[in-house]
Amino acid sequence: MKVAIDFRSIPFSGIWNYSNHLMEGLQEKGVEVYPVHLPDHLIRASSLAYLQGIRRLIWENSTMHSAFRSVSAQIFHCTNNYGLPLILDRPSVLTVHDFIPLELSEVYLPQFRKRLAYRTFLKHSIQAATRIITISDYTQEVLLRRFPMAAKKTERVYHGCGKQYRRLEDSV
């Protein structure tokens, strides 16, 4: 099986770590994984490594979609809360980490057009996803309250711990 993973998150952020661990875990199970990410010049040009508005929409529906198709991936996994291309001819998984931009929109999205764009992209991704992963009870509760049509395709999957995290024995 071939899985393309949306890897455009901010380097060393929580979603970036999640994407890395997801990729490693899938590879350990024999899945071919292809990270789809922003070109280096766009990452360097933005301190957030993040496209917004129409630039984001164009990238998602041209560059990212082409990269996904070029590796013949059978599944596309979007790890950034939203961002599925408008036309996607294969199954997709969407991971929703939180709804902070919606719940604290006056802080995160103070401009009306940014709030509208976020809500539009989020709603599209939730409707278009074949399966949705939420990472906590609270995120799942908010998702189903705001988007009840997603109930049958949503699963809560808690973040796991890597082997490097273990209980230390008391040395005293």
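Residues numbered from 1 in each chain as written. Predicted model: local features only at pLDDT ≥ 70, side-chain atom pairs only at ≥ 80, totals over all residues. Heavy atoms only, no water.

### Some thoughts on the overall build of the protein
- A count of helices and strands for the protein gives seven helices and six strands.
- In sequence order, the secondary structure elements of the protein are arranged as β-α-β-α-α-β-β-α-α-α-β-α-β.
- In the protein, which comprises 172 residues, the proportion classed as buried is 41%.
- Considering only contacts in the protein between residues 6 or more positions apart, those separated by 24 or more positions represent 55%.
- Put simply, the protein shows about 10500 Å² of open surface, and 57% of that area lies on carbon and sulfur atoms. (Helix = DSSP H or I, 4+ residues; strand = E, 2+ residues; numbered from the N terminus. Buried < 20%, exposed > 50% of the residue type's maximum accessible area, 1.4 Å probe, protein only. Contact = heavy atoms within 4.5 Å. Areas by Shrake-Rupley, 256 points an atom, 1.4 Å probe, with all protein chains shown as cover.)

### What about the nonpolar core?
- Within the largest apolar cluster, 26 residues are counted, with the highest numbers of intra-cluster contacts made by Phe 76, Leu 94, Phe 99, Leu 122, Ile 126 and Ile 132.
- Contributions of two or more residues to this core are made by α3 (53-70), β3 (75-78), β4 (92-96), α6 (112-128) and α7 (137-146).
- If one sorts the elements of this core by residue count, α6 sits on top with four residues.
- In this structure Ile 132 touches Leu 94, Val 96, Ile 126, Leu 143, Ala 150, Lys 153, Thr 154 and Glu 155, once residues within four positions along its chain are discounted.
- Counting 11 residues, the second-largest nonpolar core is a separate cluster that includes Val 3, Trp 16, Met 23 and Val 93. (Core = buried A, V, L, I, M, F, W, Y, C linked by side-chain atoms within 4.5 Å.)

### Here we look at the packing of aromatic side chains
- Going through the model one piece at a time under the given rule, you end up with two aromatic pairs.
- Relative to Tyr 118, the ring of Tyr 82 has its centre 4.9 Å away and its plane inclined at 85°; by these criteria the two rings are edge-to-face. Of the two residues, Tyr 82 sits in the loop between β3 and β4 while Tyr 118 sits in helix α6, which places them 36 residues apart along the sequence. Like Tyr 118, Tyr 82 is buried.
- Judged by relative accessible area, which is 6%, Tyr 82 ranks as buried.
- These aromatic residues form a ring-pair network of at least three members: Tyr 82, Tyr 118 and Phe 121. (Phe/Tyr/Trp six-rings, centres within 6.5 Å; stacked < 30°, edge-to-face > 60°.)

### What to know about the side chain of Lys 153
- Mapped onto the fold, Lys 153 is located in the loop between α7 and β6 (154-156).
- No salt bridge forms around the buried Lys 153; measuring N to O, its nearest opposite-charge neighbour Glu 155 is 13 Å away.
- Excluding residues that lie within four positions of it along the chain, Lys 153 makes contacts with Ile 126, Gln 127, Ala 128, Ala 129, Thr 130, Arg 131 and Ile 132. (Lys, Arg positive; Asp, Glu negative; His and termini not counted. Salt bridge = Lys/Arg side-chain N within 4 Å of Asp/Glu carboxyl O.)

All quantities given are derived from atomic positions and should not be read as evidence of function.
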